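Structural overview
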Amino acid sequence: MTVAIKKVGVIGSGQMGNGIAHVAALAGFDVVLNDVSGDRLKSALATINGNLTRQVSRQTISDAERKQALDRISSAETLDALADCDLVIETAVEKEETKRKIFHDVCAVLKPEAIVASNTSSISITRLAASTDRPERFIGIHFMNPVPVMELVELIRGIATDDVTFDTAKAFVSKLGKQVAVSEDFPAFIVNRILLPMINEAIYTLYEGVGNVEAIDAAMKLGAHHPMGPLELADFIGLDTCLSIMQVLHEGLADSKYRPCPLLVKYVEAGWLGRKTQRGFYDYRGDKPVPTR
């Protein structure tokens, strides 16, 4: 048994938010993309158009489909614009207090039957659901980055999530053309429970001088056939997000093997967060990325 989803709200217009808006609009859903910054919304819509145009050039969609998808997306700087959405997906920064405030505020304007979801990559769905007025209609829908390209979506039930909400979320993900992996509500779920400790270990390998940035990334690309080296991937994800996930793992599982590498902490404290700040384990300010260590 499922609920009909026609209109989707996306809170946050960053890399994940604009990607979710992109695939939802392309799948035929009306989308309201929300952010507190008008400039970020303009940038997000330009990014979506650019990514859709790239799909047209690759002949995966037609130009008519691109235009139709763009027409389905509206932008809004206030949460009131989400009032008639059937499903709202939060994609804010990976900080629990920020997410809890968003859910408290948005639930005040949503219709009672609306489903609320978080794109969190690590935080307890049960705890986030408890900050809402509808824990039974709350679920984790964790997309992979970049959303238009990656096939997988993790679905995570909180302790109170009911069957209708789960089945509706599963049908929604299927309509987007994505594959579902169901995870229990444990810190970092499946993908990041495996991926982030590997990245953290790569940073330890750099920290301890076992290899430099180029050697570590080349070793994993050529020796393990990874499409990106772990340090390059960390920059792509965002070093602040990597640190947040490792902290959730370390605190949630109380195991020293998840202790964030001090070098990762130092880079985040310096504001070197990866591609989004133009410096991380690579410096992106020139014609091509240059290792910073």
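Just so it is clear, the model here is predicted, and its values are computed rather than measured.

**Digging into the overall build of the protein chain**
Across its full length, the protein chain carries 11 helices and 10 strands. Each principal axis of the C-alpha atoms in the protein chain carries an extent, and together these give about 55 × 45 × 30 Å. Residues classed as buried in the protein chain amount to 45% of the 293 residues present. Look at the contacts in the protein chain between residues 6 or more apart in sequence, and 66% of them connect residues 24 or more apart. Of the roughly 13800 Å² that the protein chain leaves accessible, carbon and sulfur atoms contribute 52%. Averaging the positions of the 32 positive and the 37 negative side-chain charges in the protein chain gives two centres separated by 3 Å.

**Observations concerning the UniProt feature "domain: 3-hydroxyacyl-CoA dehydrogenase NAD binding" (unreviewed entry) in the protein chain**
Feature annotation in UniProt places "domain: 3-hydroxyacyl-CoA dehydrogenase NAD binding" (unreviewed entry) on residues 7-185, given in this structure's numbering. The straight-line gap between the two end C-alpha atoms of residues 7-185 is 27 Å; of that span, 40% is helix and 22% is strand.

**Quick word on the side chain of E94**
Within the fold, E94 resides in the loop between strand 4 (87-90) and helix 4 (96-107). Once residues within four sequence positions are removed from consideration, E94 is found in contact with K99, T120, S121, S122, I123 and S244.

**Quick look at the layout of surface pockets**
Leftover empty space is mapped by rolling, across the atoms, a probe with the size of a water molecule. Here the second largest pocket is characterised by a volume of approximately 320 Å³. In this structure, the second largest pocket is lined by 16 residues; those nearest its centre are E96, I123, R127, V248 and E251. Taken together, the elements giving at least two residues each to the lining of the second largest pocket come down to helix 4 and helix 10 (239-253). The element best represented in the lining of the second largest pocket is helix 10, accounting for five residues. Of the residues in the lining of the second largest pocket, the class split is four nonpolar, five polar and seven charged. Residue contributions to the lining of the second largest pocket reach at least three from each of two domains, namely domain 1 (7-183) and domain 2 (192-291).

**Points about the pairing of strand 6 (residues 138-143)**
Counting buried positions along strand 6 yields six of six residues, so the element is predominantly enclosed. Burial along strand 6 is two-sided: F138, G140 and H142 and I139, I141 and F143, pointing in opposite directions, are all buried. Looking at chain direction, strand 5 (residues 115-118) and strand 6 are connected through three bridges and run parallel. Residue pairing in the sheet places S118 in a bridge with G140 of strand 6. Examined bridge by bridge, strand 6 and strand 7 (residues 152-157) share five bridges and lie antiparallel to one another. Paired with F143 across the strands is V153, a residue of strand 7.

**Things to note about the domain arrangement of the protein chain**
In terms of domains, the protein chain is made up of domain 1 (7-183) and domain 2 (192-291). Computed from C-alpha atoms alone, the centre-to-centre distance between domain 1 and domain 2 is 26 Å. Opposite the eight residues of domain 1 that make contact, domain 2 presents five residues. Summed over both sides, the interface between domain 1 and domain 2 buries roughly 580 Å², with carbon and sulfur atoms accounting for 54% of that surface. Looking at the side of domain 1 facing domain 2, the largest losses of area belong to E94, S121 and S122, adding up to 52% of the total buried there. Taken together, the connections running from domain 1 to domain 2 amount to zero salt bridges. Seen at the junction of domain 1 and domain 2, the total is one residue pair in polar contact (both at pLDDT 80 or more). Residue classes in the side of domain 1 that touches domain 2 are distributed as two nonpolar, five polar and one charged.

**Topic: helix 2 (residues 38-57)**
For helix 2, which comprises 20 residues, the first-to-last C-alpha distance of 29 Å matches the rise-based estimate of 28 Å (1.5 Å per residue) to within 8%. For helix 2, the full list of buried residues reads L41, A44, I48, L52 and Q55. One face of helix 2 carries all of its buried residues, which in axial projection span an arc of 70°. Turned more than 90 degrees away from the buried face of helix 2, the exposed residues are D39, K42 and S57. At the N-terminal end of helix 2, a side-chain oxygen is found 3.4 Å from the backbone nitrogen of D39, two or three residues along, and the residue is S37. One or two steps after helix 2, the chain reaches Q59, where phi turns positive at roughly 65°.

**Notes on helix 4**
The end-to-end C-alpha separation of helix 4 is 16 Å, in line with the 16 Å expected for 12 residues at 1.5 Å each. Taken together, the buried positions of helix 4 are K99, I102, F103, V106 and C107. All buried residues of helix 4 lie within an arc of 115° about the axis, which places them on one face of the element. Relative to its buried face, helix 4 has exposed residues pointing more than 90 degrees away, namely E97, K101 and H104. Its buried side turned inward, helix 4 meets strand 1 (7-11), strand 4, strand 5, helix 5 (125-129) and strand 6.

Criteria and cut-off values
Residues numbered from 1 in each chain as written. Predicted model: local features only at pLDDT ≥ 70, side-chain atom pairs only at ≥ 80, totals over all residues. Heavy atoms only, no water. Helix = DSSP H or I, 4+ residues; strand = E, 2+ residues; numbered from the N terminus. Buried < 20%, exposed > 50% of the residue type's maximum accessible area, 1.4 Å probe, protein only. Contact = heavy atoms within 4.5 Å. Areas by Shrake-Rupley, 256 points an atom, 1.4 Å probe, with all protein chains shown as cover. Lys, Arg positive; Asp, Glu negative; His and termini not counted. Charge placed at Lys NZ, Arg CZ, Asp CG, Glu CD. UniProt positions renumbered as here; feature names shortened; annotations may be inferred. 1 Å grid on protein atoms, 1.4 Å probe; cavity = no way out; pocket = protein on both sides within 12 Å on 5 of 7 lines; lining within 4 Å. Points joined across faces, edges and corners; volume = space filled by probe spheres on them. Nonpolar A, V, L, I, M, F, W, Y, C, P; charged D, E, K, R; others polar. Domains from an automatic or database assignment. Pairing = 2+ DSSP bridges. Buried area = accessible area lost by both parts, 1.4 Å probe. Salt bridge = Lys/Arg side-chain N within 4 Å of Asp/Glu carboxyl O. Polar contact = N/O pair within 3.5 Å; in protein donor to acceptor, adjacent residues only side chain to side chain. Expected span 1.5 Å × (residues − 1). Arc of directions from axis to C-beta.

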